[in-house]
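Each chain, letter by letter, is given below.
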Amino acid sequence: MGYPVILQLRGRRAVVVGGGNVAARKIHGLLEAGADVVVIAPEAAPDIEALAAKEAIVWKRKRFDPNDLAGAFLVIAATSDREVNEAVARAAEPGQLLNIVDDPERCDFHVPAVIRRGPLMISVSTGGASPALARRIRRELEEQYGDKYGPYLEFLRQARDMVLREVADAEGRKRLFRALAADSFRQSGRWEEEFTRLLAKEKERNKEGERGR
Ligand SMILES: C[C@@]1(CC(=O)O)C2=NC(=C\c3[nH]c(c(CCC(=O)O)c3CC(=O)O)Cc3[nH]c(c(CC(=O)O)c3CCC(=O)O)/C=C3\N/C(=C\2)[C@@H](CCC(=O)O)[C@]3(C)CC(=O)O)/[C@H]1CCC(=O)O
Ligand SMILES: NC(=O)c1ccc[n+]([C@@H]2O[C@H](COP(=O)([O-])OP(=O)(O)OC[C@H]3O[C@@H](n4cnc5c(N)ncnc54)[C@H](O)[C@@H]3O)[C@@H](O)[C@H]2O)c1
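Residues numbered from 1 in each chain as written. Chains lettered and ligands numbered in written order. Predicted model: local features only at pLDDT ≥ 70, side-chain atom pairs only at ≥ 80, totals over all residues. Heavy atoms only, no water.

Novice: Before we go on, may I ask you to explain the site of ligand 1 in this structure?
Specialist: Taken together, 20 residues form the shell around ligand 1, and within it Lys26, Val111, Thr126, Gly128 and Arg138 come nearest. Between ligand 1 and Arg135, the relevant distance is 3.3 Å, taken from an oxygen atom to a side-chain nitrogen or oxygen of the residue. About the coverage of ligand 1: the protein hides 66% of its 1100 Å² of free accessible area. For the shell around ligand 1, the element with the highest residue contribution is helix 4 (residues 131-144), accounting for 5 residues. Looking at the shell around ligand 1 residue by residue, the classes come out as 9 nonpolar, 6 polar and 5 charged. (Near = heavy atom within 4 Å. Polar contact = N/O pair within 3.5 Å; in protein donor to acceptor, adjacent residues only side chain to side chain. Areas by Shrake-Rupley, 256 points an atom, 1.4 Å probe, with all protein chains shown as cover. Helix = DSSP H or I, 4+ residues; strand = E, 2+ residues; numbered from the N terminus. Nonpolar A, V, L, I, M, F, W, Y, C, P; charged D, E, K, R; others polar.)

Novice: Any chance you could explain unusual backbone geometry here in plain terms?
Specialist: Peptide bonds are trans in most cases, and residues, glycine excluded, mostly fall at negative phi. Positive phi, normally seen in glycine, also occurs at Glu55, with a value near 60 degrees. Take Glu55: it is sitting in the loop between helix 2 (46-53) and strand 3 (58-60). A relative accessible area of 71% places Glu55 in the exposed class. (Buried < 20%, exposed > 50% of the residue type's maximum accessible area, 1.4 Å probe, protein only.)

Novice: Would you take a moment to explain the environment of Val58 for this structure?
Specialist: Looking at the element boundaries, Val58 is found in strand 3. Every residue in contact with Val58, bar those within four places of it in the chain, is listed here: Val37, Val38 and Val39. (Contact = heavy atoms within 4.5 Å.)

Novice: For this particular structure, what's the right way to read the domain arrangement of the chain?
Specialist: Frequently, the measure chosen for interface size is the accessible area that the parts lose on association. Under the domain assignment, the chain is made up of domain 1 (1-111) and domain 2 (149-212). Using only C-alpha atoms to locate each centre, domain 1 and domain 2 end up separated by 43 Å. (Domains from an automatic or database assignment.)

Novice: Can you walk me through the site of ligand 2 in this structure?
Specialist: Near ligand 2 lie 20 residues; those nearest to it are Gly19, Val22, Arg25, Glu43 and Phe64. Gly19 places a polar main-chain atom, nitrogen or oxygen, 2.9 Å from an oxygen atom of ligand 2. Phe64 is positioned such that a nitrogen or oxygen atom in its backbone is 3.0 Å from a nitrogen atom of ligand 2. Counting residues per element, the shell around ligand 2 draws most heavily on helix 1 (residues 21-32), which supplies 4 residues.

Novice: What am I meant to see in the pairing of strand 6 (residues 113-117) here?
Specialist: For a regular strand, side-chain orientation follows a simple rule: the groups alternate between the two sheet faces. Of the two faces of strand 6, the one lined by Ala113, Ile115 and Arg117 is fully buried and the one lined by Val114 and Arg116 carries no buried residue. Where strand 6 lies against strand 7 (residues 120-124), 5 bridges are found, and the strand directions are antiparallel. Bridge pairing in strand 7 links Arg116 to Met121. Taken together, strand 6 and the strand that follows it, strand 7, pair antiparallel across an intervening segment of 2 residues, in which Gly118 is found at a positive phi of about 55 degrees. (Pairing = 2+ DSSP bridges.)

See below:
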């Protein structure tokens, strides 16, 4: 069983060795996290070529050698050649986070199936028992947590900042946060209006509490 974390990759170098479809999937996830992606492969899938053409990644069109890992925070060995993947694993320094796509046992981390909706991230892992099931569950959750969750989460973030500024009482804040996270609130669709009403109610309650003291 692994320990789930969300890595901050902005401005950090991630080296992906291999340029096939599996590498492409990993590269897209790394870019979404803001990593500086360097790809090492003599040949690459069309969408990797396209990313290199618009300079979203650096593609070094060559076979792997150990110097390619210099400066990497994270390393993914994603070639179809076991020996090359093995060579990447051997070349990685102890501090470099390593994923080898055909050797789950030797990985420092596995990549989960992921849904992103603005700041909401849901990830599914089976620890290598069944990546196909992780994919299926991801698809099911995509239906349940649709695109509307993006704007909803953006709204919640702003509302939370306001509650932290304006409501001094910890119990009151907790009540508000839970009300905002309730499905009935989300489905109401009138977030601004409902939030204004709930916030006013909570402030009123607070005042009464102070008067009562
Ligand atoms: C979740 C996802 C994320 C991603 O890659 O982005 C991911 N694999 C995905 C899909 C997928 N992978 C494979 C199939 C074919 C069906 C099948 O074999 O079941 C499908 C399904 C498909 O493509 O439809 C084959 C496969 N995968 C691994 C091996 C090697 C081995 O087990 O030895 C082999 C055999 C290769 C061979 O046949 O030789 C290993 C790993 N794959 C992982 C992640 C890690 C464990 C994650 C977990 O279990 O939760 C781990 C351990 C390492 C890693 O890569 O981090 C992504 C779904 C993304 C999405 O759709 O949302
Ligand atoms: N972990 C996963 O999610 C997962 C899923 C399916 C398959 N796999 C495994 O991943 C492997 C890769 O799958 P794929 O479909 O992307 O393969 P692919 O054949 O499409 O791509 C392999 C890539 O490796 C590159 N390559 C070969 N030798 C190299 C070298 N010496 N240096 C640098 N790059 C080199 C090739 O140029 C090519 O771009 C499969 O063999 C399989 O074992 C893993």
